[in-house]
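Structural overview for review
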Amino acid sequence: MTESTQTPRIPDWQAALLARHSLGRGYLEHAQEWFDPLTAAIAAHHNSAGRPVLVGLNGSQGSGKTTLCDYLQGALTHQYGKRALALSIDDFYLTHQQRLSLAESVHPLCATRGVPGTHDIALLNSTVTQLLDPARSVDVVIPSFDKATDDRKPAQALERWSGALDILLLEGWCLGVRPQEDDALVQPVNTLEAQEDSDGIWRQWVNLRLTEDYLPFYECVDFWVMLAAPDFDCVLAWRSEQEDKLRQSLVDAATPNALQSPEDLQRFVQHYERLTRECLATLPGRVDYLLSLDARRKVRAVSHRLLGGS
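Analysis parameters
Residues numbered from 1 in each chain as written. Predicted model: local features only at pLDDT ≥ 70, side-chain atom pairs only at ≥ 80, totals over all residues. Heavy atoms only, no water. Pairing = 2+ DSSP bridges. Helix = DSSP H or I, 4+ residues; strand = E, 2+ residues; numbered from the N terminus. Axes fitted to C-alpha atoms, helices over the stretch in contact; angles between N-to-C directions. Contact = heavy atoms within 4.5 Å. 1 Å grid on protein atoms, 1.4 Å probe; cavity = no way out; pocket = protein on both sides within 12 Å on 5 of 7 lines; lining within 4 Å. Points joined across faces, edges and corners; volume = space filled by probe spheres on them. Nonpolar A, V, L, I, M, F, W, Y, C, P; charged D, E, K, R; others polar. Salt bridge = Lys/Arg side-chain N within 4 Å of Asp/Glu carboxyl O. Buried < 20%, exposed > 50% of the residue type's maximum accessible area, 1.4 Å probe, protein only. Phe/Tyr/Trp six-rings, centres within 6.5 Å; stacked < 30°, edge-to-face > 60°.

On to the sheet that holds strand E2 (residues 84-88). The strand order E2-E7-E1-E8-E9-E10 describes an open sheet built from six strands, whose pairing is mixed. Every other strand in the sheet has two partners, leaving E2 and strand E10 (299-304) as the edge strands with one partner each. For this sheet the average axis-to-axis angle between neighbouring strands, irrespective of direction, equals 15°. In terms of strand pairing, strand E9 (residues 289-293) meets E10 through five bridges, oriented antiparallel. Paired with leucine 293 across the two strands is valine 299, which belongs to E10. Here helix H4 (residues 65-80) sits on the sheet in contact with strand E1 (53-59), E2, strand E7 (167-172), strand E8 (223-228) and E9, set at roughly 170° to E7.

Below is the structure:
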């Protein structure tokens, strides 16, 4: 192969990203077309703010938000010289034991991680506040959750962030969703709610947690981004793909709680259905930067209000 016909070499950070997420080079073409303008918008927002900023990214399960945040962190770092860090709200889940306690004191469905109320918002607030403090002089411990064991990773396995930070990227499937009106909670949206929360106690508790814990945290977010699925029907298929990736990544397939049968997975996703539908219905008009996806997770349209508020 002559030099003129060789495949162009890509930057090391992009090669590492493709390897981490088992992606082909075609992802970079898509990212450069659709995600580079978002990177520029976030960098401009930081420049305008003149201080560390928090970017909140919403996307349903399997929409690609974790990969997008990884790409944004790399692009902001290597193309704009920003000190950027990407976190997931998934890493701030309550411990397995804490959720079992909620299952006893509130409702059995609280044992399952995911919905608002199963995150440690106090820990999230503390971590974000420390990371965004320009006067900070100590390292910040970065929480991490192991979905294979359904519990937090031990302290000795956690990473630390040292030095200043310009841009903190935080992604989550429910990030930005707001409480529903009381009358919207009456009718179950699926079999799980109809059979296992027939009196509505669980969904009322989730709604209360949104009001008391999550809404105040949203005030910290400077710039909102959304990866919007075309509809809820895509979510189960995307979540199934996530499960396949987890299966391939496990060295010990016998790890407790690691893998779910198709029936278990369908029930699991029903925990998220109500608020995923709420996100798809209400968030597109509220975010600063909206990326609308097709069923293959490819961006089909973009709308934004640059440097706007949430």
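Bringing empty space enclosed by the protein into the picture now. Taken as a whole and judged by the stated rule, the model has two cavities of 30 Å³ or more. Here the largest cavity is characterised by a volume of approximately 90 Å³. What lines the largest cavity is Val115, Gln180, Leu185, Glu193, Trp202, Arg203, Val206, Asn207, Leu210, His271, Arg274 and Leu275. When contributions to the lining of the largest cavity are tallied by element, the ones reaching two or more residues are helix H8 (201-218) and helix H10 (262-282). With five residues, H8 is the largest single contributor of residues to the lining of the largest cavity. Tallied by class, the residues present in the lining of the largest cavity amount to six nonpolar, three polar and three charged. Size it by volume and the second largest cavity reaches roughly 50 Å³. Around the second largest cavity sit Asn58, Gly59, Ser60, Trp173, Met226, Leu227, Ala228, Ala229, Thr276, Cys279 and Leu280, which together line it. Among the secondary structure elements, those contributing two or more residues to the lining of the second largest cavity are E1, E8 and H10.

A few words on the pattern of salt bridges. Inspection of every chain in the model, using the stated rule, returns 16 salt bridges. Its salt-bridge partner being lysine 147, residue aspartate 90 comes within 2.7 Å of it at the nearest N-O pair. Here the residue aspartate 90 occupies a position in the loop between E2 and helix H5 (96-105), and lysine 147 occupies one in the loop between strand E4 (145-146) and strand E5 (151-152), the gap between them amounting to 57 residues. Taking relative accessible area as the criterion, lysine 147 reaches 33% and is therefore assigned partly exposed. Its salt-bridge partner being aspartate 150, residue arginine 113 comes within 2.8 Å of it at the nearest N-O pair. Of this pair, arginine 113 sits in the loop between H5 and helix H6 (121-131) while aspartate 150 is found in the loop between E4 and E5, placing the two residues 37 residues apart along the sequence.

Note that threonine 129 resides in helix H6. Judged by its relative accessible area of 51%, threonine 129 falls in the exposed class. Between the C-alpha atom of threonine 129 and that of cysteine 220, which follows or precedes it by 91 residues, the distance is 8.9 Å.

A few words now on the packing of aromatic side chains. In this structure the tally under the stated criterion is eight aromatic pairs. For the ring pair tryptophan 13 and tyrosine 71, a centre distance of 5.5 Å and an interplane angle of 50° mean the geometry is tilted. You can see tryptophan 13 sitting in helix H1 (residues 12-20) and its partner tyrosine 71 sitting in helix H4, a full 58 residues away along the chain. Both residues of the pair, tryptophan 13 and tyrosine 71, belong to the buried class. Between tyrosine 93 and phenylalanine 145 the ring centres are 5.1 Å apart and the planes differ by 75°, which places this aromatic pair in the edge-to-face class. With a gap of 52 residues between them, tyrosine 93 in the loop between E2 and H5 and phenylalanine 145 in strand E4 connect regions that are remote in the sequence. Members of the aromatic cluster, connected to one another through ring pairs, are Trp13, Tyr27, Phe35 and Tyr71.

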